[in-house]
Amino acid sequence: MTARLRITFNSPQSGFMSIGLKFGRQRFLAAMSCRPYESLEELMRALTAVMSNAETALVRWNEDPEEFDFVLSAASDECKLEVIRYTSHLRRDGAPVFTAQGTREQICLPFWETLNAMKQDLVVDEFARNWRRAFPFREFAELEAAMGTTDC
(Lines give C-alpha, C1' and ligand atoms only; values in the text may rest on other atoms or scores of the structure.)
Protein backbone atom coordinates (compact mmCIF):
# COMPACT_ATOMS: atom_id res chain seq x y z
CA MET A 1 0.00 0.00 0.00
CA THR A 2 1.28 3.45 -0.91
CA ALA A 3 1.76 6.08 1.79
CA ARG A 4 -0.85 8.83 1.88
CA LEU A 5 0.17 12.46 2.23
CA ARG A 6 -1.38 14.02 5.33
CA ILE A 7 -1.46 17.75 5.89
CA THR A 8 -2.43 19.88 8.88
CA PHE A 9 -2.67 23.65 9.13
CA ASN A 10 -3.40 24.71 12.69
CA SER A 11 -5.48 27.81 13.38
CA PRO A 12 -3.34 30.92 12.94
CA GLN A 13 -2.19 32.84 16.01
CA SER A 14 -0.37 36.18 16.10
CA GLY A 15 0.56 35.99 12.41
CA PHE A 16 1.92 32.42 12.59
CA MET A 17 0.42 29.09 11.56
CA SER A 18 1.78 25.60 12.23
CA ILE A 19 1.98 23.43 9.15
CA GLY A 20 2.45 19.70 9.41
CA LEU A 21 3.20 17.21 6.66
CA LYS A 22 3.34 13.44 7.02
CA PHE A 23 4.20 10.87 4.36
CA GLY A 24 5.06 7.37 5.48
CA ARG A 25 7.69 7.74 8.20
CA GLN A 26 8.62 11.27 7.18
CA ARG A 27 7.38 14.22 9.19
CA PHE A 28 7.67 17.97 8.76
CA LEU A 29 6.38 20.61 11.19
CA ALA A 30 7.04 24.34 11.21
CA ALA A 31 5.35 27.51 12.49
CA MET A 32 5.17 29.71 9.41
CA SER A 33 4.86 33.49 9.41
CA CYS A 34 2.33 35.47 7.42
CA ARG A 35 5.15 37.73 6.21
CA PRO A 36 6.89 38.56 3.95
CA TYR A 37 5.47 36.10 1.42
CA GLU A 38 1.86 35.60 0.41
CA SER A 39 2.37 31.91 1.08
CA LEU A 40 -1.25 30.74 1.14
CA GLU A 41 -1.92 32.48 -2.16
CA GLU A 42 1.28 30.99 -3.59
CA LEU A 43 0.26 27.55 -2.35
CA MET A 44 -3.16 27.75 -3.98
CA ARG A 45 -1.69 29.05 -7.24
CA ALA A 46 0.97 26.30 -7.21
CA LEU A 47 -1.60 23.56 -6.64
CA THR A 48 -3.81 25.02 -9.36
CA ALA A 49 -0.86 25.09 -11.77
CA VAL A 50 0.10 21.47 -11.04
CA MET A 51 -3.48 20.28 -11.45
CA SER A 52 -3.55 22.21 -14.75
CA ASN A 53 -0.52 20.24 -15.99
CA ALA A 54 2.31 22.60 -15.04
CA GLU A 55 5.62 20.81 -14.57
CA THR A 56 6.87 22.85 -11.59
CA ALA A 57 5.53 25.26 -9.01
CA LEU A 58 7.08 26.93 -5.97
CA VAL A 59 5.70 28.14 -2.62
CA ARG A 60 7.85 30.23 -0.28
CA TRP A 61 7.36 30.12 3.49
CA ASN A 62 9.11 32.03 6.27
CA GLU A 63 9.65 30.62 9.76
CA ASP A 64 12.03 33.44 10.75
CA PRO A 65 14.94 33.08 10.55
CA GLU A 66 14.57 29.84 8.58
CA GLU A 67 12.77 29.77 5.26
CA PHE A 68 11.27 26.88 3.32
CA ASP A 69 10.31 26.24 -0.26
CA PHE A 70 7.59 23.77 -1.13
CA VAL A 71 8.56 22.62 -4.62
CA LEU A 72 5.99 20.75 -6.66
CA SER A 73 7.30 18.99 -9.74
CA ALA A 74 5.27 16.81 -12.07
CA ALA A 75 5.75 14.73 -15.17
CA SER A 76 2.83 12.98 -16.77
CA ASP A 77 0.52 12.16 -13.85
CA GLU A 78 3.32 11.67 -11.31
CA CYS A 79 3.99 14.44 -8.83
CA LYS A 80 6.62 15.12 -6.19
CA LEU A 81 6.50 17.52 -3.26
CA GLU A 82 9.86 18.48 -1.87
CA VAL A 83 10.42 20.81 1.08
CA ILE A 84 13.73 22.67 0.98
CA ARG A 85 15.04 24.30 4.18
CA TYR A 86 17.19 27.44 4.21
CA THR A 87 18.83 28.70 7.42
CA SER A 88 18.13 32.36 6.55
CA HIS A 89 16.44 34.69 4.09
CA LEU A 90 19.65 34.67 2.04
CA ARG A 91 18.58 31.24 0.71
CA ARG A 92 22.12 30.09 -0.06
CA ASP A 93 22.18 26.77 1.74
CA GLY A 94 19.04 24.90 0.73
CA ALA A 95 18.72 21.27 1.77
CA PRO A 96 15.75 18.92 1.32
CA VAL A 97 13.98 18.00 4.58
CA PHE A 98 10.81 16.28 3.32
CA THR A 99 9.67 14.50 0.16
CA ALA A 100 6.37 12.95 -0.91
CA GLN A 101 5.49 11.33 -4.21
CA GLY A 102 2.28 10.20 -5.87
CA THR A 103 -0.09 11.21 -8.60
CA ARG A 104 -0.96 14.87 -9.04
CA GLU A 105 -4.24 14.22 -7.25
CA GLN A 106 -2.61 12.26 -4.40
CA ILE A 107 -0.34 15.23 -3.68
CA CYS A 108 -2.79 18.10 -4.34
CA LEU A 109 -6.05 16.71 -2.90
CA PRO A 110 -4.83 16.56 0.74
CA PHE A 111 -3.82 20.22 0.48
CA TRP A 112 -7.23 21.14 -0.95
CA GLU A 113 -9.00 19.19 1.82
CA THR A 114 -7.01 21.04 4.49
CA LEU A 115 -7.52 24.43 2.84
CA ASN A 116 -11.24 23.72 2.46
CA ALA A 117 -11.48 22.88 6.17
CA MET A 118 -9.63 26.12 6.93
CA LYS A 119 -12.13 28.03 4.79
CA GLN A 120 -15.03 26.46 6.69
CA ASP A 121 -13.58 27.70 10.00
CA LEU A 122 -12.68 31.27 8.98
CA VAL A 123 -15.12 32.91 11.39
CA VAL A 124 -14.42 30.57 14.31
CA ASP A 125 -10.67 31.01 13.93
CA GLU A 126 -10.91 34.78 13.35
CA PHE A 127 -8.67 33.97 10.44
CA ALA A 128 -7.95 37.43 9.04
CA ARG A 129 -7.18 38.87 12.47
CA ASN A 130 -5.00 35.95 13.56
CA TRP A 131 -3.20 35.31 10.25
CA ARG A 132 -2.99 39.04 9.59
CA ARG A 133 -3.98 38.47 5.98
CA ALA A 134 -7.35 37.83 4.42
CA PHE A 135 -8.20 34.36 3.18
CA PRO A 136 -7.44 34.19 -0.58
CA PHE A 137 -10.95 33.41 -1.86
CA ARG A 138 -10.16 34.01 -5.54
CA GLU A 139 -7.17 31.65 -5.51
CA PHE A 140 -9.22 29.08 -3.60
CA ALA A 141 -12.00 29.22 -6.22
CA GLU A 142 -9.42 28.73 -8.98
CA LEU A 143 -7.99 25.75 -7.10
CA GLU A 144 -11.46 24.25 -6.68
CA ALA A 145 -12.04 24.58 -10.42
CA ALA A 146 -8.69 22.93 -11.21
CA MET A 147 -9.40 20.11 -8.73
CA GLY A 148 -12.87 19.61 -10.20
CA THR A 149 -14.41 20.09 -6.77
CA THR A 150 -17.10 22.30 -5.39
CA ASP A 151 -17.41 23.63 -1.89
CA CYS A 152 -19.41 21.06 0.09
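In the block above lies the structure referred to throughout.
Keep in mind it's a predicted model, so treat the numbers as computed, not measured.

## Notes on the environment of Gly94
Here Gly94 shows up in the loop between strand 6 (78-86) and strand 7 (95-103). With residues near it in sequence (within four places) discarded, Gly94 still touches Ile84, Arg85 and Tyr86.

## What to know about unusual backbone geometry
Of note, the bond from Arg35 into Pro36 is cis; its omega dihedral lies within 30 degrees of zero at 0 degrees. Examined against the element boundaries, Pro36 turns out to sit in the loop between strand 3 (26-33) and helix 1 (39-51). With an omega dihedral of 15 degrees, the bond running from Asp64 to Pro65 counts as a cis peptide bond. Mapped onto the secondary structure, Pro65 falls in the loop between strand 4 (56-62) and strand 5 (67-75). A positive phi is found at Asn53, a non-glycine position, where the angle reads about 80 degrees. Note on placement: Asn53 falls in the loop between helix 1 and strand 4. Residue Glu126 is not a glycine yet carries a positive backbone phi of 45 degrees.

## With respect to helix 4 (residues 137-147)
Among all positions in helix 4, only Glu139, Phe140, Leu143, Glu144 and Met147 are buried. On an axial view of helix 4, the arc spanned by its buried residues comes to 145 degrees, and they lie on one face. Away from its buried face, by an angle of more than 90 degrees, helix 4 presents the exposed residues Arg138 and Ala145. Residues of helix 4 that are buried in the fold lie against helix 1 and helix 2 (104-120).

Cut-off values and rules
- Residues numbered from 1 in each chain as written.
- Predicted model: local features only at pLDDT ≥ 70, side-chain atom pairs only at ≥ 80, totals over all residues.
- Heavy atoms only, no water.
- Helix = DSSP H or I, 4+ residues; strand = E, 2+ residues; numbered from the N terminus.
- Contact = heavy atoms within 4.5 Å.
- Buried < 20%, exposed > 50% of the residue type's maximum accessible area, 1.4 Å probe, protein only.
- Arc of directions from axis to C-beta.

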